[in-house]
Amino acid sequence: MFFPEAMVTRSEILVRGMVQGVGFRPFVYSQASRHDLRGRVRNNTIGVWIEVEGNHDDIENFVSDLRSNAPPLSTVESLECNHNLAPADYSDFVILESANEGEQFVPISADVGTCGDCLRELFDPQDRRYQYPFINCTSCGPRFTIIQDIPYDRARTTMRDFEMCAACRAEYEDPFDRRFHAEPTACAVCGPQLYLLNADGLEVGRDTGAETEIIDRVRDLLLKGRIIAIKGIGGFHLACDALSQEAVAELRTRKYREDKPFAMMADSVNIVRQHCFVSRAESQLLQSERRPVLLLEKKPDSTIPSAVAPGVNALGFMLPYTPLHHLLLRNLDRPLVMTSGNVSSEPICYENAEATKRLHKIADYFVFHDRRIHMRTDDSVVRVYDNREMILRRSRGYAPAPIKTAFKFERQLLACGAELKSTFCLTRDNYAFVSHHVGDLENLETLGSFVEGITHFKRLFHLEPEVVAYDLHPEYLSTKYALSQSESLTKVAVQHHHAHIASCMVDNQIEGEVIGVAMDGLGFGTDGRMWGGEFFVADFAAAERIAHLAYVPMPGGANAIRQPWRMAAVYLQQAFGDEFLELNLPCVKGMERRGWPTLRIMAATHTNSPETSSMGRLFDAVSSIIGVRDTVNYEGQAAIELEGIADLHCAEAYEFGLSRDSAGDVIDARDVIRRAVTDLLEGVPPATVSARFHLSVARLIVAVAESVRSERRLNRVVLSGGVFQNLLLLERTCEMLRSKGFQVITHSRVPTNDGGISLGQAAVANALIKSGRI
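Worth saying up front: this structure is predicted, and the values here are computed from it rather than measured.

## Some remarks on the overall build of the protein
Line of reasoning, step 1. When helices and strands are counted, the protein shows 23 helices and 31 strands.
Line of reasoning, step 2. Rg of the C-alpha trace for the protein: 28 Å, near the compact-globule value of 28 Å for 774 residues, within the 12% margin.
Line of reasoning, step 3. When burial is assessed residue by residue, the protein has 63% of its 774 residues classed as buried.
Line of reasoning, step 4. Sequence-distant contacts, at least 24 apart, represent 70% of the contacts inside the protein between residues at least 6 apart.
Line of reasoning, step 5. Total accessible area on the protein is roughly 28700 Å²; 46% of this is exposed by carbon and sulfur atoms.
Line of reasoning, step 6. Of the charged side chains in the protein, 83 are positive and 101 negative, and the gap between their average positions amounts to 2 Å.

## Concerning the packing of aromatic side chains
Line of reasoning, step 1. According to the stated counting rule, one finds 19 aromatic pairs in the structure shown.
Line of reasoning, step 2. Each ring, one from Phe457 and one from Phe461, has its centre 5.6 Å from the other, and the planes form 65°; the classification is edge-to-face. Each member of the pair, Phe457 together with Phe461, is buried.
Line of reasoning, step 3. Each residue in the set Phe144, Phe424, Tyr431, Phe433, Phe450, Phe457, Phe461 and Tyr481 is aromatic and connected to the rest through ring pairs, giving one cluster.
Line of reasoning, step 4. Over the ring of Phe277 we find Lys299; its NZ or CZ atom is 5.7 Å from the centre of that ring.
Line of reasoning, step 5. Above the plane of the ring of Tyr321 lies Arg396, whose end atom (NZ or CZ) is 3.5 Å from the centre.

## Describing the pattern of salt bridges
Line of reasoning, step 1. As enumerated under the stated definition, the model contains 51 salt bridges in all.
Line of reasoning, step 2. The shortest N-O distance in the salt bridge between Asp429 and Arg428 comes to 3.2 Å.
Line of reasoning, step 3. Given a relative accessible area of 30%, Asp429 falls into the partly exposed group.
Line of reasoning, step 4. Overall, the relative accessible area of 10% leaves Arg428 in the buried class.
Line of reasoning, step 5. Several salt bridges share partner residues, and in doing so they unite Glu346, Glu354, Arg358, Arg376 and Glu452 into one network.

## Remarks on the sheet that holds strand β1 (residues 8-18)
Line of reasoning, step 1. Read from one edge to the other, the open sheet built from five strands follows the order β4-β1-β3-β2-β5, with strand pairing classed as mixed. A strand with exactly one partner marks an edge of an open sheet, and here the two such strands are β4 (75-85) and β5 (93-95). Going across the sheet, the axis of each strand differs from the next one's by a mean of 15°, ignoring polarity.
Line of reasoning, step 2. In terms of strand pairing, β1 meets β4 through eight bridges, oriented antiparallel. Among the inter-strand pairings, Glu12 is bridged to a residue of β4, identified as Asn82.
Line of reasoning, step 3. Most of the contacts of helix α2 (residues 56-68) go to strand β3 (residues 47-55), to which it runs at about 150°, and overall it touches β1, β3 and β4.

## Section: unusual backbone geometry
Line of reasoning, step 1. Looking along the chain, the bond that leaves Ala399 and enters Pro400 is cis, with omega of 10°.
Line of reasoning, step 2. Its location among the elements puts Pro400 in the loop between β16 (388-393) and β17 (403-404).
Line of reasoning, step 3. Located in the positive-phi region is Lys421, a residue other than glycine, with phi close to 50°.
Line of reasoning, step 4. Here Lys421 shows up in the loop between β18 (413-415) and β19 (425-428).
Line of reasoning, step 5. The exposure class assigned to Lys421 is partly exposed, which follows from its relative accessible area of 21%.
Line of reasoning, step 6. In this structure, Gln509 takes a positive phi of about 55° despite not being glycine.
Line of reasoning, step 7. Along the chain, Gln509 turns up in the loop between α13 (496-507) and β23 (514-524).
Line of reasoning, step 8. Taking the relative accessible area as the measure of exposure, Gln509 reaches 41% and is therefore partly exposed.

## Some details on helix α22 (residues 727-739)
Line of reasoning, step 1. For α22, spanning 13 residues, the distance from its first C-alpha to its last is 18 Å, which sits close to the expected 18 Å at 1.5 Å a residue.
Line of reasoning, step 2. Of the residues making up α22, those classed as buried are Leu727, Leu728, Leu729, Leu730, Arg732, Thr733, Cys734, Met736 and Leu737.
Line of reasoning, step 3. Sitting at the head of α22, Asn726 places a side-chain oxygen 3.2 Å from the backbone nitrogen of Leu728.
Line of reasoning, step 4. After α22 finishes, the residue Gly741 shows a positive phi value of roughly 90°.

## Here's the deal with the nonpolar core
Line of reasoning, step 1. By size, the foremost hydrophobic cluster in this structure holds 209 residues, and its most contacted members are Ile50, Phe62, Phe535, Leu572, Leu618, Phe656 and Leu719.
Line of reasoning, step 2. By residue number, the principal contributor to this core is helix α21 (residues 686-712), which donates 11 residues.
Line of reasoning, step 3. Counting 46 residues, the second largest nonpolar core, distinct from the first, contains Cys240, Ala281, Leu294 and Val312.

## Topic: the sheet that holds strand β14 (residues 365-369)
Within a sheet, each strand pairs with its neighbour through backbone hydrogen bonds, oriented either parallel or antiparallel.
Line of reasoning, step 1. Strand order in the open sheet made by the 11 strands is β7-β6-β14-β8-β9-β13-β10-β12-β11-β15-β16, with mixed pairing throughout. Two strands lie at the open edges of the sheet, namely β7 (203-207) and β16, each paired on one side alone. Each adjacent strand pair in this sheet contributes to an overall mean axis angle of 30°, direction not counted.
Line of reasoning, step 2. Packing of helix α6 (residues 245-255) onto the sheet brings it into contact with β9 (236-241) and β13 (336-340), and relative to β9 it is tilted by some 145°.
Line of reasoning, step 3. The strands touched by helix α10 (residues 352-359) within the sheet are β6 (194-198), β8 (228-231), β9 and β14, with β14 carrying the most contacts at an inclination of about 170°.

## Topic: the state of the cysteines
Line of reasoning, step 1. Using the criterion set out here, one finds zero disulfides in the structure.
Line of reasoning, step 2. Cys118 forms no disulfide, and the closest cysteine sulfur to it belongs to Cys140, at a distance of 3.7 Å.
Line of reasoning, step 3. Here Cys118 falls in the buried class, since its relative accessible area comes to 0%.
Line of reasoning, step 4. Lacking any disulfide linkage, Cys349 is separated from the closest cysteine sulfur, that of Cys240, by 17 Å.

## Some points on the confidence of the model for the protein
In low-pLDDT segments, the atomic positions of the prediction should not be examined closely.
Line of reasoning, step 1. Across the protein, the average pLDDT comes to 94, with 98% of residues at or above 70.
Line of reasoning, step 2. Counting interchain partners and residues more than four positions distant, the pLDDT-below-50 stretch residues 1-6 has eight contacts.

## What to know about the pairing of strand β30 (residues 716-720)
Line of reasoning, step 1. Most of β30 is tucked away, with four of its five residues classed as buried.
Line of reasoning, step 2. Sheet topology places β23 next to β30; four bridges connect them, and they run parallel. From the neighbouring strand, Ile515 faces β30, where its bridge partner is Val717.
Line of reasoning, step 3. As paired elements, β30 and strand β31 (residues 743-745) share three bridges and run parallel to each other. When the bridges of β31 are listed, Arg716 appears paired with Gln743.
Line of reasoning, step 4. The parallel pair β30 and β31, bridged by α22, forms a crossover whose chirality is right-handed.

## Focus: the environment of Arg562
Line of reasoning, step 1. Position of Arg562 among the secondary structure elements: in helix α14 (residues 559-562).
Line of reasoning, step 2. In this structure, the C-alpha to C-alpha distance between Arg562 and Ser707, residues 145 residues apart in sequence, is 35 Å.
Line of reasoning, step 3. Arg562 has contacts with Thr631 and Val632, leaving out every residue within four places of it along the chain.
Line of reasoning, step 4. A polar side-chain atom of Arg562 sits 2.7 Å from a polar atom in the side chain of Asn559.

Definitions and cut-offs
Residues numbered from 1 in each chain as written. Predicted model: local features only at pLDDT ≥ 70, side-chain atom pairs only at ≥ 80, totals over all residues. Heavy atoms only, no water. Helix = DSSP H or I, 4+ residues; strand = E, 2+ residues; numbered from the N terminus. Rg over C-alpha atoms; globule rule 2.2 N^0.38 Å. Buried < 20%, exposed > 50% of the residue type's maximum accessible area, 1.4 Å probe, protein only. Contact = heavy atoms within 4.5 Å. Areas by Shrake-Rupley, 256 points an atom, 1.4 Å probe, with all protein chains shown as cover. Lys, Arg positive; Asp, Glu negative; His and termini not counted. Charge placed at Lys NZ, Arg CZ, Asp CG, Glu CD. Phe/Tyr/Trp six-rings, centres within 6.5 Å; stacked < 30°, edge-to-face > 60°. Lys NZ or Arg CZ within 6 Å of the ring centre and 35° of its normal. Salt bridge = Lys/Arg side-chain N within 4 Å of Asp/Glu carboxyl O. Pairing = 2+ DSSP bridges. Axes fitted to C-alpha atoms, helices over the stretch in contact; angles between N-to-C directions. Expected span 1.5 Å × (residues − 1). Polar contact = N/O pair within 3.5 Å; in protein donor to acceptor, adjacent residues only side chain to side chain. Core = buried A, V, L, I, M, F, W, Y, C linked by side-chain atoms within 4.5 Å. Disulfide = S-S within 2.5 Å. pLDDT = per-residue confidence, 0-100. Right-handed = clockwise from strand over helix to strand, strands pointing away.

Listed below in C-alpha cells is the structure:
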C-alpha cells in the first residue's frame, strides 16, 4: 500500500509480560496486516519487540488492539512505546529471528491443556494428525516442562531433538497458521512416538504412525486390572481402573500409600457428575486450560470404591489435558486413578530410565515416549471456595507464571520455604516466581529436585539473588540449604507463621496492619517452641503475637504427629488428671499398654517432648478422643477424617478459656476437652461432637478478633495455615467474622498450607530490607 510521505510515521514498541510461547507474534502479524502497517516483530530476552510504520491513526489503533485483544494465554504487563520516529521505508511486515542479547527476563507460560482446535484434528480421520498423541499448537501443549532457556525458541527446548518434516515446517513458518512458531509442533512423521514396555523393561509395542494401537492395548490392560505407568507432560502417572477395588488396593500396596486419597481422571464432566456434586464454577474450572485436580463433594450413591479415598467425603477429579489422555479416555465410561508416578515420599519420576528403575515393582507396564521432560511438574490441586478458586497445590498449569505483587522487591531474593509441601520463590521487580510443588523436603531425592528447580529458575529468568530467606527451624533441609549459600549473600530468617500471614497478604495484594490468624501443624517459634495456634497483629515487616493456644508437650516429638493418641493422652491428662485412664473412651483403652506411663514421664521431664501451641495437634487429639483416628498414614489425616464425620446441621459449640501472660492471651483448651468427653460419655454422636469442636474453633477466632478490634481498631482478618484447608472450619469462621463486620482475607492464588510459605518469606525479607533493618 502507498502512503503519502507526510502521513507516514514509525513507532517502536516493547511488550512485556507473558508474551512468548502464547502465539503473540502471529497475533502481532495479523494486527499489523489488519491495520495496513509495515515493519518487524521479534522475541527478545525481555519480551516482544515491535517496529511498525504507517498512518498515525492506524498505529494508535494497532497499539490499542495489542492491549485489548491479546491472545488468551498471554498477559500484557506493559507497552513501552516510542512514537513519531522517522520512517524506515519498510515494504512489508515480517517476523524476525529472536534476539538473544542485552537484559534477559521474560515470564514463561505454564503447560496448557489441549485446545479445542487440536482436539477436533485429533479425532478427525481426514486430518494428518489424526490420533497423534502429541498434537499441539500455539494455544496449547507443553511449555515450562520442555523449555531450557529464553528466548522461547525450539532450539532452547527439548523439542530440538526432533527435526520438523516439510509439512510441519511449512505450518511453523506461516504467520497465518496457528502453528506459526509453535515450538513443540510435530506430527507422526517427524515427532515424538509412544512405546510400551513390560515390567522387565522389554519393549512390547511401538507406534510409528497415526493409528495408535498402543492406546487400545493400554486401555484393555487397565480394564483387566493392570497398573500402568504413563509418561505425561511433567512426569509419570500410575494409572489403574478407578472402579476396581482390587486394582486400587493393589496399587496402594505396591506404592506404600495406605490411605492418602488418589486423584482420578475422567473423560468428561458428565462422568464426574456421576460421582460428585459439580457446581457451575467447578465445571468451568475442570474444563479450564489449566486442568487441575479439583476436590469435589462425593455423592452418596457414587460407585467409586472406598479404597480410592478412604475416610473422606471428597474426591479429586481432573479432565484429560494431553492428547494421550484424550485418546486413552475417549468414550471410556469410567474414571481412571491417575496418581503421581513415585514411591511415597519421593519426587515424581520424569525420565524413562528413572521410571524403569524406581517404578518396576509398582507398574505392570510402562507407556513411554521420547520427548524429554526438562523440569518435572506434578498436577495442581484446587477447590472452589466462596465461588473462587482456592489453590492447595500449585504446580502444572500454574507454575512458573509469576505472582504479580502490589509492591516492588528492593533486591532479588531467594526464599527457600519450609519442609512439607515445599516450594521456593525467586523475586524481581513486581514479580514473585513461586515454584512448582516440589514435595516434602525430608530426603535427599527431594532435596535434589529442590536444588535442581532453583538452578533452573535462576537460569530461566536470569536471576541472581542477593538475599536468601529461610525458616527458623534449624533442622529443615531448606534452612540448611539456605545457610550453606555463599557468605556474600544476606541471610534472613523469617518466622513460619509470620510468613503464612504475609503470603496471604501478597496473594490478595493488600498492605498495612492486619489481624493475622495462623493455624497449622507446627512451625518454629521465636521462643524456640513449636507454634501453630497463633494470633498476630502483623504487617510485612513485623508480627506481634497477641494470643496463642496454651503450650502442651508432644511426647516423642514427631511420633506424636504420627500417633494422635499421644496428643489425646496429653490433653486428657491436663483436663482430668491421671484419672483420665479410667474414662470409658475407646482411645483410652490400651494407652498403658502403648506406653503412656513412660510417655507421661517424658512429658513431665521435657525429654524428647517439645512444647507446642499447635491447633493441628489439638485437632489430632480430638480426632483420637472421638474415636476417629489414633494413628495416621499421611499428614493431616486425623483432622481430615474428623471434618469428614461432622454433622453439618449442628449449631452448638464448646468454649475455650482465655487468660493473659506477658506474651498475650493464652487460649486454654481444657474446657473444650472436658465438654467433648462429657458429651461422648452421655451418648452424643461423634458427628455432633466433631461439629461442636469445629464451631468452637471458629467462635474462638471471632472472639479474639473482636478483642483486637476493640483495642487496635483493625478490621481486616487474614486466615492462613494448613488448618484452613478444612472447609467446614473455613466456611463457619468466615461466616461468623463477616456477620460481625470484619473483612476476611483468605488464600486463592497460592496455597494456605506450607506451599505458600516461600512467598511470605520473600515478602517479609523485602519489607525488612525496605525498612533498613537488614
